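Inside the fold
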Amino acid sequence: IFLPCGIQLLMDFFFFLYFQLLKAFDYSPWNGHLYKLDVGWPKVPEYFTGQPVCVAVDSLRGFVYVAQRGDNVAKVLVFSEEGYFLYSWNDTVEIPHGIFVLSNTTDSSIWITDVGTGKYGHTVKKYSPSGKLLQILGTPGNAGSSLYPLQFDQPAEIFVEESGDSYVVDGDGGINSRLLKLTEDYKEMWLRGPKGTGIGEFRIPHSVTVDSFGRVWVADRDNKRIQVFDKDTGEWLGTWSSCFEEDGPSSVRVTPNNKYLIVAQLNISRLSILAAPPVGTIGKCVIVNTIQLADETKPHLVDVDMKSGAIYVAEIGAQQVQKYVPL
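Residues numbered from 1 in each chain as written. Predicted model: local features only at pLDDT ≥ 70, side-chain atom pairs only at ≥ 80, totals over all residues. Heavy atoms only, no water.

This paragraph deals with the packing of aromatic side chains. Going through the model one piece at a time under the given rule, you end up with eleven aromatic pairs. Seen from their ring centres, phenylalanine 100 and phenylalanine 159 are 4.8 Å apart, and the 55° between their planes marks the pair as tilted. Of this pair, phenylalanine 100 sits in strand E6 (residues 96-103) while phenylalanine 159 sits in strand E10 (residues 155-160), and the two are 59 residues apart along the sequence. An identical accessibility class is assigned to phenylalanine 100 and phenylalanine 159; each is buried. On the basis of an interplanar angle of 55° and a centroid distance of 5.1 Å, the ring pair of tryptophan 217 and tryptophan 240 is categorised as tilted. Within this pair, whereas tryptophan 217 is found in strand E15 (residues 215-220), its partner tryptophan 240 is found in strand E17 (residues 236-240), the two being separated by 23 residues in sequence. Overall, the relative accessible area of 1% leaves tryptophan 217 in the buried class. Tryptophan 240 gets classed as buried once you look at its relative accessible area, which sits at 1%. An aromatic cluster is defined as three or more aromatic residues linked by ring pairs; in this entry it consists of Trp41, Tyr47, Phe48, Phe79, Phe85 and Tyr312. The side chain of lysine 43 reaches across the aromatic face of tyrosine 84, ending 5.4 Å from its centre. (Phe/Tyr/Trp six-rings, centres within 6.5 Å; stacked < 30°, edge-to-face > 60°. Helix = DSSP H or I, 4+ residues; strand = E, 2+ residues; numbered from the N terminus. Buried < 20%, exposed > 50% of the residue type's maximum accessible area, 1.4 Å probe, protein only. Lys NZ or Arg CZ within 6 Å of the ring centre and 35° of its normal.)

As structure tokens, then:
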């Protein structure tokens, strides 16, 4: 295709500016890989006797919590950030799905979403680091409907802020398909849903995280998109779908510098590193880098160490947790 000289020069100029912008923000995919596998983590992989489904990092204390499924297995394993096994606990966890650690200088708590159908299931539970049950949200063993805020049906994941406010994605199957924000004393602040394909609707909302700019990111898995909301009002801010045409996102986390979003795609065994948008805009998703895992690895949920930037990946197909460190 031949273009008039003036138009061609203008196009060349715009392409030059585009690539300079990518370099300025370090978003260029030609910079090479951003992470490498830590082959020494964990030190003894044989401790994964079940199916690891989720992982959470206590960045202040250097602990890594892994929840796994299976009969006659320890449901929660605790490792050091170097990969040494420390201890395990098992009480009142039926079928874990998501796990989150809230940690400050005086205390830490571990939150687990339980999708079991027995006497402990359909709940979100708060534990001490040693496994002592401190709080139960929902009615154990009873699947609910979205008509009652704290009646969960296979809750997928929870994110808790230092203020005590929390965000629950409720709907790894079952009746509910919603995003719920709760106050520190577990009162509903706002609710988004229900099941559907429209703005603010979900089909298996599978993972949730909050960035430093007050934006709530939800992996809307079966809709093959990420939806973004204002954390104070619940207002819909935007949607990313073009990066997920092959497979929907199963997990989403933000890196410590708010530069990237780490997204797992379960069915194609891939981690995608996306450029996080600046304040005031969501725009379109940009894939900066990818980590292609082995076939059938199936990364389910991930977490990011907010001190080191390391990524921990719970892989239900490979039945392991792997650690990737920034280069």
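Time to look at the side chain of serine 166. By the element assignment, serine 166 lies in strand E11 (residues 166-170). With near-sequence residues (within four places) excluded, serine 166 lies in contact with Ile158, Phe159, Val160, Leu180, Lys181 and Leu182. (Contact = heavy atoms within 4.5 Å.)

Attention shifts here to the environment of glycine 98. Relative to the helices and strands, glycine 98 resides in strand E6. A relative accessible area of 0% places glycine 98 in the buried class. On a C-alpha basis, the gap between glycine 98 and phenylalanine 159 in space is 9.6 Å, while along the polypeptide they are 61 residues apart. The contacts of glycine 98, once residues within four sequence positions are left out, are Cys54, Trp111, Ile112, Thr113, Ala156 and Leu301.

All right, on to unusual backbone geometry then. In this model, tryptophan 41 is joined to proline 42 through a cis peptide bond whose omega is -5°. Turning to its location among the elements, proline 42 is positioned in the loop between strand E1 (35-37) and strand E2 (51-58). With an omega of 0°, the peptide bond running from glycine 193 to proline 194 counts as cis. Topologically, proline 194 is positioned in the loop between strand E13 (188-192) and strand E14 (205-210).

Next up on the list: the UniProt feature "repeat: NHL" (unreviewed entry) in the chain. As recorded in UniProt, the sites labelled "repeat: NHL" (unreviewed entry) are residues 193-232. Helix makes up 0% of residues 193-232 and strand 45%. Its end C-alpha atoms lie 16 Å apart. (UniProt positions renumbered as here; feature names shortened; annotations may be inferred.)

Of all hydrophobic cores here, the largest spans 25 residues; its most connected members are Trp111, Tyr167, Leu179, Val208, Val216 and Val218. The set of elements that each furnish at least two residues to this core consists of E6, E10, E11, strand E12 (178-182), E14 and E15. Here this core gets four residues from one element, more than from any other, and that element is E10. Filtering out sequence-adjacent residues up to four positions away, valine 216 remains in contact with Tyr167, Leu179, Val208, Thr209, Val210, Gln227, Val228, Phe229, Asp230 and Lys231. With 17 residues, the next largest nonpolar core counts Ala56, Val76, Ile99 and Ile316 among its residues. (Core = buried A, V, L, I, M, F, W, Y, C linked by side-chain atoms within 4.5 Å.)

All right, on to the pairing of E6 then. Extensive coverage of E6 is indicated by the burial of eight of its eight residues. In terms of strand pairing, E6 meets strand E7 (residues 108-114) through seven bridges, oriented antiparallel. Bridge pairing links leucine 102 to serine 109 in E7. (Pairing = 2+ DSSP bridges.)

Let us look at the state of the cysteines. Taken as a whole and assessed by the stated rule, the structure comprises one disulfide. In this model cysteine 243 forms its disulfide with cysteine 285; the gap between the sulfur atoms is 2.2 Å. Disulfide cysteine 243-cysteine 285: torsion about the S-S bond near 125°, hence right-handed. Here the residue cysteine 243 occupies a position in the loop between E17 and strand E18 (251-254), and cysteine 285 occupies one in the loop between strand E20 (270-275) and strand E21 (287-292), the gap between them amounting to 42 residues. Here cysteine 243 and cysteine 285 have matching classes, each one buried. (Disulfide = S-S within 2.5 Å.)

Taken in spatial order, the four strands make up an open sheet running E6-E7-E8-E9, and their pairing is antiparallel. Of all strands in the sheet, those with a lone pairing partner are E6 and strand E9 (133-137), marking the two edges. Taken pair by pair, the neighbouring strands of this sheet meet at an average axis angle of 20°, ignoring direction. (Axes fitted to C-alpha atoms, helices over the stretch in contact; angles between N-to-C directions.)

Taken together, four strands build an open sheet; the order of strands is E1-E24-E23-E22 and the sheet is antiparallel. Looking along the sheet, the strands with just one partner apiece sit at the ends: E1 and strand E22 (299-304). Between one strand and the next, the sheet's axes are offset by a mean angle of 25°, whatever the strand orientation. Of the strand pairs in this sheet, E22 and strand E23 (residues 311-315) are connected by five bridges, and their pairing is antiparallel. Residue pairing for E23: valine 304 is matched across the bridge by isoleucine 311.

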